[in-house]
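# Fold and contact review
Now for the letters of each chain:
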Amino acid sequence: MAGPRAPTVPDAPVAPWKRHIVLQLRQRDRTQKALFLELMPAYNRLLEKAQLLAQFSEKLQPEPSDVTPTTHQGPWEEESGPDSDQVPSPATLRVKWQEEEEGLRLVCGEMAYQVVEKSAALGTLESELEERQGRLAALEASAAQLKEARAGLAEQVEAWQALNAAQLATYDKLRKHAGLQEVALRRLEEEARDLLEKLVQRKARAAAERNVRNECRERVKQARVSQELKKAAKRTVSISENPNVLCDGVMEGAETVALATQPESLESEACEKWKRPFRSASATSLTLSRCVDVVKGLLDFKKRRGHSVGGAPEQRYQSIPVCMAARLPTRAQDVLDAHLSEVNAVRFGPNSSLLATGGADRLIHLWNVVGGRLEANQTLEGAGGSITSVDFDPSETLSGHTDKVTAAKFKLTRHQAVTGSRDRTVKEWDLGRAYCSRTINVLSYCNDVVCGDHVIISGHNDQKIRFWDSRGPRCTQVIPVQGRVTSLSLSHDQLHLLSCSRDDTLKVIDLRVSNIRQVFRADGFKCGSDWTKAVFSPDRSYALAGSWDGALYIWEVDTGKLESSLRGPHCAAVNAVAWCYSGSHVVSVDQGRKVVLWH
């Protein structure tokens, strides 16, 4: 019985793993073949012995007529000694042959069972060999494909290396060109700075000349008025019992002085002043000193308004409600999804009944605060980017910044505004002429600005608060803080400044001594963005700010103690808060589009 065929070895050189598999298969074939080589001859010998025993059994069967036993010699005679004279009987021999035949049959059965098992194992091994040979063929085909793919990838690698070398050469050329361009850019920047300095100097000279001309014009006007007053003082005024006649005469004199541009209220007040009855003739004559005092009072009044004599009257702010004691908010009265995306800014109007919100959707929504609810008023469109700061005044579009505008505030006079931007400039604007009257260059971009009487305060990303004199060109003071400044809030008395920074603290700065008076911290309070806004209460008793977890934190300014923390509708970081001028309501806005009115 032949063993399994050994796999044919091709003439071509094979891989080590293939050679190892072939050697293992050959070793297994030799082992199994050796076992069967010993088994099959033994099985053949047993069959021959069985046939021989069967023949002997047939010969030993006695015939019925035979009485005399025949003497046979066979291999069993070896058991008896050579000197034995006794011959075993046929029955005894038959019994022995039957026992031996039964033993041989048992042995043959066991050997046949082993043969069957070995045949089954051989079939299993042959099927496994065939399976492995199939797998080997598949692996050889896969190896051939991988070799082809490797060759293709090697070609691609060579192509990419050539392309990389070309790009590297191009990069070197571009880097050299970029170096030359940087040198040219620095030269142009220096020229631009020189031109800017010259332009600023020229504007300063033009402003000085304009101021000189205005002063000369004012002196001429004052001299003319003084001369006319002297003439009027020398004129004799007749006394009349009728107060109307006296008033008419005084009004004629006022017309000769050419003060028709003063407000009607002042004229009526002056008329009422002159209508009082006089008791003596000496009181009826208007002395020179009295006329000069009255006209000086009128001139001083107009100068306080910001205009010279004969100028148009200036617009003034509406009356702002006075807050004697702010009330702490305790609960949310109204919650709205006000914008299409996050809300960045919120501001109350001067009368506390109008609210403005601005968001990343480039829209400004105006809301009426009615009965503890927010009612939509109107929507303002036209912004070119995300709204980060809002303030109340007649709107006008101003262009001048080269990057995102991060803060905008109106000055105390309505015809001026201040803006801060990420282009590292702070600009002053003349709203009457809609142009930039001054540009302040800073080292870091500005996050927020506030304005005083003659000072502009800006908070910057380089962890500094800078003070600028609106009448001078330079920075007057710098106060460092421990984090990027996110917002500034100036108290109504302009004596204290509240700053919020990314070190998760609020600081109160006393502007009289330029020193940090209080630092507010709280467990869980954390600024949620670079434009998180914090504000004073209208009476400057409390400081309010929103945290990244949607909570509002309120500190008492004098003691620095955390007064309360409010949680509720906000599920995202609070970007800005506002406290109304009457002190009764607080509004907060967050990055999840919500506007919450607190009472």
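Conventions we followed
Residues numbered from 1 in each chain as written. Predicted model: local features only at pLDDT ≥ 70, side-chain atom pairs only at ≥ 80, totals over all residues. Heavy atoms only, no water. Helix = DSSP H or I, 4+ residues; strand = E, 2+ residues; numbered from the N terminus. Buried < 20%, exposed > 50% of the residue type's maximum accessible area, 1.4 Å probe, protein only. Contact = heavy atoms within 4.5 Å. Areas by Shrake-Rupley, 256 points an atom, 1.4 Å probe, with all protein chains shown as cover. Pairing = 2+ DSSP bridges. Axes fitted to C-alpha atoms, helices over the stretch in contact; angles between N-to-C directions. Salt bridge = Lys/Arg side-chain N within 4 Å of Asp/Glu carboxyl O. Patch = residues over 30% accessible without salt bridge, like charges linked within 9 Å, V, L, I, M, F, W, Y side chains within 5 Å. Lys, Arg positive; Asp, Glu negative; His and termini not counted. Charge placed at Lys NZ, Arg CZ, Asp CG, Glu CD. Phe/Tyr/Trp six-rings, centres within 6.5 Å; stacked < 30°, edge-to-face > 60°. Polar contact = N/O pair within 3.5 Å; in protein donor to acceptor, adjacent residues only side chain to side chain. pLDDT = per-residue confidence, 0-100. Core = buried A, V, L, I, M, F, W, Y, C linked by side-chain atoms within 4.5 Å.

## Some remarks on the overall build of the protein
The number of helices and strands found in the protein is five helices and 24 strands. Within the protein, buried positions represent 33% of all 599 residues. Sequence separation of 24 or more characterises 49% of the internal contacts of the protein that already satisfy a separation of 6 or more. Of the roughly 37600 Å² of accessible surface on the protein, 53% is carried by carbon and sulfur atoms.

## Notes on the sheet that holds strand 23 (residues 586-590)
Here we have four strands laid out as an open sheet, ordered 1-24-23-22, and antiparallel in their pairing. Each edge of the open sheet is held by one strand with a lone partner, namely strand 1 (332-337) and strand 22 (574-579). Shown here is a sheet whose adjacent strand axes are inclined to one another by a mean of 15 degrees, direction ignored. Here strand 1 runs beside strand 24 (residues 594-598); their pairing, made up of five bridges, is antiparallel. Bridged to D337 within strand 24 is K594.

## Here's the deal with the pattern of salt bridges
A complete count under the given rule lists 14 salt bridges for this structure. Between K18 and E140 there is a salt bridge whose closest N-O contact spans 3.6 Å. Taken together, the residues span a long stretch of sequence, with K18 in helix 1 (residues 16-60) and E140 in helix 2 (residues 90-234) at a distance of 122 residues. Across the pair D391 and R347 runs a salt bridge, and its minimum N-O distance is 3.3 Å. Placement of the pair is D391 in the loop between strand 5 (373-380) and strand 6 (405-410) and R347 in strand 2 (residues 343-348), with a sequence separation of 44 residues. Overall, D391 belongs to the partly exposed group, its relative accessible area being 25%. Look at the salt bridges and you will find they share partners, linking R484, R502 and D530 into a network.

## Considering the pairing of strand 20 (residues 552-556)
By the criterion of burial, strand 20 is predominantly enclosed, with four of the five residues buried. Direction of pairing for strand 19 (residues 542-546) relative to strand 20: antiparallel, over a ladder of five bridges. Along strand 20, the bridge assignment pairs A543 with W555. Of the pairings in the sheet, the one linking strand 20 to strand 21 (residues 562-566) comprises four bridges and is antiparallel in character.

## Here's the deal with a positive patch on the surface
A cluster of basic residues, R210, R213, R217 and R433, forms a positive patch on the protein surface. In this structure, R210 sits in helix 2. In this structure R210 comes out as partly exposed when scored by relative accessible area, which is 38%.

## Side note on the packing of aromatic side chains
As enumerated under the stated definition, the model contains five aromatic pairs in all. Measuring from ring centre to ring centre gives 5.5 Å for F525 and Y553, while their planes differ by 75 degrees; the resulting arrangement is edge-to-face. A residue pair is termed long-range when its members are at least 10 positions apart, and F525 in the loop between strand 17 (515-520) and strand 18 (534-536) and Y553 in strand 20 qualify at 28 residues. Using a relative accessible area of 5% as the deciding quantity, one classes F525 as buried.

## So, the environment of S529
Following the sequence through the fold, S529 ends up in the loop between strand 17 and strand 18. Through-space distance from the C-alpha of S529 to that of N344 is 9.8 Å; in sequence the pair is 185 residues apart. When neighbours within four sequence positions are excluded, S529 is seen to be in contact with T486, R502, N575 and Q591. Of the polar contacts made by the side chain of S529, one reaches the side chain of N575; its length is 3.4 Å.

## Re the confidence of the model for the protein
Confidence along the protein averages 76 in pLDDT terms, with 76% of residues attaining 70 or more. With pLDDT under 50 throughout, residues 1-7 is counted as low confidence; its partners more than four residues away or in other chains account for twelve contacts. Counting contacts from residues 64-85, a segment whose pLDDT is below 50, to residues more than four positions away or on other chains yields six contacts.

## Comments concerning the environment of N344
Topologically, N344 is positioned in strand 2. For N344 and A576, which are 232 residues apart along the polypeptide, the C-alpha to C-alpha distance reads 6.3 Å. Dropping the residues within four chain positions of it, N344 is found in contact with G358, G359, A360, S386, I387, T388, W531, N575 and A576. A distance of 3.1 Å separates a polar side-chain atom of N344 from the backbone oxygen of I387.

## Side note on the nonpolar core
The biggest cluster of nonpolar side chains holds 16 residues, and the ones touching the most others in it are L498, L506, F520, F525 and W555. Looking at this core, the elements that each hand over two or more residues are strand 15 (496-501), strand 16 (505-510), strand 18, strand 19 and strand 20. Ranked by size, the runner-up nonpolar core spans 15 residues in total, among them A338, L355, W367 and A578.

## Digging into a negative patch on the surface
On the surface, E189, E190, E191, D194 and E197 cluster together into a patch of negative charge. On the secondary structure map, E197 appears in helix 2. The exposure class assigned to E197 is partly exposed, which follows from its relative accessible area of 48%.

## Describing the side chain of T505
Tracing the sequence through the fold places T505 in strand 16. Reaching out from T505, the side chain makes a polar contact with the side chain of D503 at a distance of 2.7 Å. Here K507 takes part through its side chain, which lies 2.7 Å from a polar atom of the side chain of T505. Not counting the four nearest positions on each side in its chain, T505 is found in contact with S499, C500, V519, F520, R521 and F525.

## Topic: the sheet that holds strand 6
Read across the open sheet, the four strands follow the order 6-7-8-9; overall the sheet is antiparallel. One side of each edge strand has no neighbouring strand; the edge strands of this open sheet are strand 6 and strand 9 (435-441). Across this sheet, the average inter-strand angle for adjacent strands is 20 degrees, counted without regard to direction. Where strand 7 (residues 416-421) meets strand 8 (residues 425-430), five bridges bridge the pair, whose relative direction is antiparallel. Counted as the bridge partner of G420 is V426 from strand 8.

## Things to note about the environment of F56
Note on placement: F56 falls in helix 1. Along the backbone, F56 and W97 are 41 residues apart, and their C-alpha atoms lie at a distance of 8.5 Å.

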